[in-house]
Amino acid sequence: MHTYDPQYVEAFAQLMARHPSILGNLTRILSERLRETTARVGVRPTRGEAVALVAGDGSAVVPELVEATRSASAGTVAVLDAQSSLEEGLAQLDDALAENGLVLLLGDLAQETLPALIDAADRTVAIVASAGDAERLGGLHERSVRGETAEVVLLRRQGEAALSLGESMRLVRSVDHDGESEPLAAGDARWLGRHIARTKLGLALGAGGAKGYAHVGVLHALEDAGHVVDSLAGSSIGAIVGAWLGLGMSAAEVEATMRSTFSPETVEAMFQRSLTGAATGLAALERAFRESTHDATFDDLCLPLVVMTVDLNSRQPAPVTEGPLWEALLAATALAGVFPPFERDGKRLVDGLALVPVPTDAVRELGADVSLAVNLIPRETLEAWPGGDVPPEPPRLSGSRTLDSLLEVMDLGQLEASERQAARADVVVTPRFGPSTWRDFHLADLFLRAGWDAAEAERPTLEKLVSPQLAPSRLST
């Protein structure tokens, strides 16, 4: 139930008195929408989204944001000037929404008709560069009939005190900006364009041991296509790959790091004495994670990351988002029968495979508009690898066959959960593997190629939702 501010009602009445044609336009718009709704019962609506893009002292950056939004959108974007004439802007709005996926209504924080503009839009994105801007936005937005939260982009000037934002405002990006004519940094402009266009891409990287090389293949495919990744969530090996990508590595750097981290010597050391309960294997894993992440913490990441684990005490998923990365990765790979639970803050954390083999929901909660899930536990496998050129299997340690069988049963037990969780993503990449197990790191090239092929097969689906923004072989935040 809405509450109406008497001052707003009076201001609206005065506006109607001065511009009576607005009332006629509103009546026409409402009638047209009612007619379309009646005619399309049971049919999915195709109407676009209207975003009020309003600015005060930061109006100089609006053209950059418009261009960035057009670049980021997979569909067409219309721009209507609602500042000089709200009446004309509203008159064109319905037709523009019918023909475009996104309509930007450009306004000014100081304009008298801003409450009406905000109410006509589905969302409000405001460029705030001063305390005065924040006060005007807070006062006007709270008077909107819809009363929705305004998304605020803060242009932060050096030496300026932090601005206080009202309850109806939510900070989505803080940008260093020292002058009215200064352009936005390329990364900031692109991110804001993706945010406005709702095309921020999040990756949910699933569990699967050595098959995680398929994640690297997916990263190569995304990078070569020019896609930008904005957030990450990973279980088990997916958490490891996500951490490296989140630290700013390119696909090639992630691949090189993975090959050095899981070299034959390192893999042998990791599992050499785990069956006896000795700590040699765990120490090797800890050393590998600390070296490959350079003892970084979550605060050092370039991209937001969720490392998915499970708490044995609560029997619930336990996402890790703070502290040293190597600790989170030890918890994320504490697989039953191989390594002991990682104890932290009164929790006993184990591999996310136990409950969340593909953390799609976690990446959505990070703010991803479009989610891409990589499922490494497919229902269908190939009878043989394509080409038949399969590297020879290295010697196995005593007792390892029993462990492989146990973990294969665990994979089967998570088959349905993995499929179900991956299916919640907008784009699902499911590589097809030949005969292999979770410990076959010697099949790295085959796993990588399977990931690449699966990602390329889903590329048309992805590009209906997200527009590539970068030149090939460049991944940027």
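Residues numbered from 1 in each chain as written. Predicted model: local features only at pLDDT ≥ 70, side-chain atom pairs only at ≥ 80, totals over all residues. Heavy atoms only, no water.

Details of the overall build of the protein
Defined as follows: Strands here are runs of E lasting at least two residues and helices are runs of H or I lasting at least four, both read from the DSSP assignment and numbered beginning at the N terminus. Exposure categories follow from relative accessible area, calculated using a 1.4 Å probe and restricted to protein chains: below 20% of the type maximum is buried, above 50% is exposed, and the middle band is partly exposed. The criterion used for residue contact is that any of the two residues' heavy atoms lie within 4.5 Å. Here the Shrake-Rupley method, with its probe set to 1.4 Å, supplies the accessible areas, and only the displayed protein chains count as covering residues.
Secondary structure assignment for the protein yields 18 helices and 14 strands. Here the protein, with 477 residues, has 52% of them falling under the buried criterion. Taking the contacts inside the protein whose residues are at least 6 apart along the sequence as the reference set, 75% of them involve residues at least 24 apart. Surface summary for the protein: the accessible area is close to 21700 Å², and the carbon and sulfur share equals 51%.

A word on the environment of serine 130
Using the following cut-off: Two N or O atoms count as a polar contact when they lie within 3.5 Å, although within protein this holds only if one can serve as hydrogen donor and the other as acceptor, and sequence-adjacent residues are included solely when both atoms are side-chain atoms.
Inspection of the secondary structure assignment puts serine 130 in the loop between β4 (123-128) and α6 (131-141). The buried category is assigned to serine 130, whose relative accessible area is 14%. Along the primary structure serine 130 and aspartate 57 are separated by 73 residues, whereas in three dimensions their C-alpha atoms are 7.0 Å apart. Those residues in contact with serine 130, other than ones at most four positions away along the chain, are Asp57 and Leu163. Of the polar contacts made by the side chain of serine 130, one reaches the side chain of aspartate 57; its length is 2.8 Å.

Some points on the packing of helix α8 (residues 213-225) against helix α17 (residues 444-457)
Convention followed: Angles shown run from 0 to 180 degrees and are taken between the N-to-C directions of axes, each axis being a line fitted to C-alpha atoms and, for helices, limited to the stretch in contact. Roughly parallel here means an angle under 35 degrees, roughly antiparallel means over 145, roughly perpendicular means 65 to 115, and every remaining angle is called oblique. A crossing counts as left-handed when the near helix is turned anticlockwise from the far one by less than a right angle, and as right-handed when that turn is clockwise.
Across the interface, α8 lies against α17 with an axial gap of 6 Å and an inter-helix angle of 45°. Viewed along their axes, α8 and α17 adopt a mutual orientation that is oblique. In the packing of α8 onto α17, the handedness of the crossing is right-handed. Every residue of α17 that contacts α8 at Tyr213, Ala214, Val216, Gly217, Val218, His220, Ala221 and Asp224 is listed here: Ala444, Phe447, Leu448, Gly451, Trp452, Ala455 and Glu456.

So, the pairing of strand β7 (residues 201-205)
So the rule is basically this: Pairs of strands are assigned from DSSP output, requiring at least two bridges between the strands.
Burial of β7 is extensive: five of the five residues sit out of reach of the surface. One ladder, built from five bridges, connects β7 with strand β13 (residues 370-374); its direction is parallel. Bridged to glycine 202 within β13 is serine 371. Of the pairings in the sheet, the one linking β7 to strand β8 (residues 231-235) comprises four bridges and is parallel in character. The residue bridging leucine 203 from the neighbouring strand is leucine 232, located in β8.

Regarding the side chain of aspartate 311
Mapping aspartate 311 onto the fold places it in strand β9 (residues 305-311). In this structure the side chain of aspartate 311 is engaged in a polar contact, spanning 3.0 Å, whose partner is the backbone nitrogen of asparagine 313. Once residues lying within four places of it in the same chain are set aside, the contact partners of aspartate 311 are Gln316, Ala318, Lys347, Arg348 and Leu349.

Quick notes on the pairing of strand β5 (residues 150-156)
Taking burial as the measure, the seven residues of β5 include six buried ones, the bulk of the element. Pairing geometry for β4 and β5, over four bridges, is parallel. Its bridge partner being in β5, valine 128 is matched across the sheet by leucine 154.

Bear in mind that shape data such as this cannot, by itself, settle questions of function.
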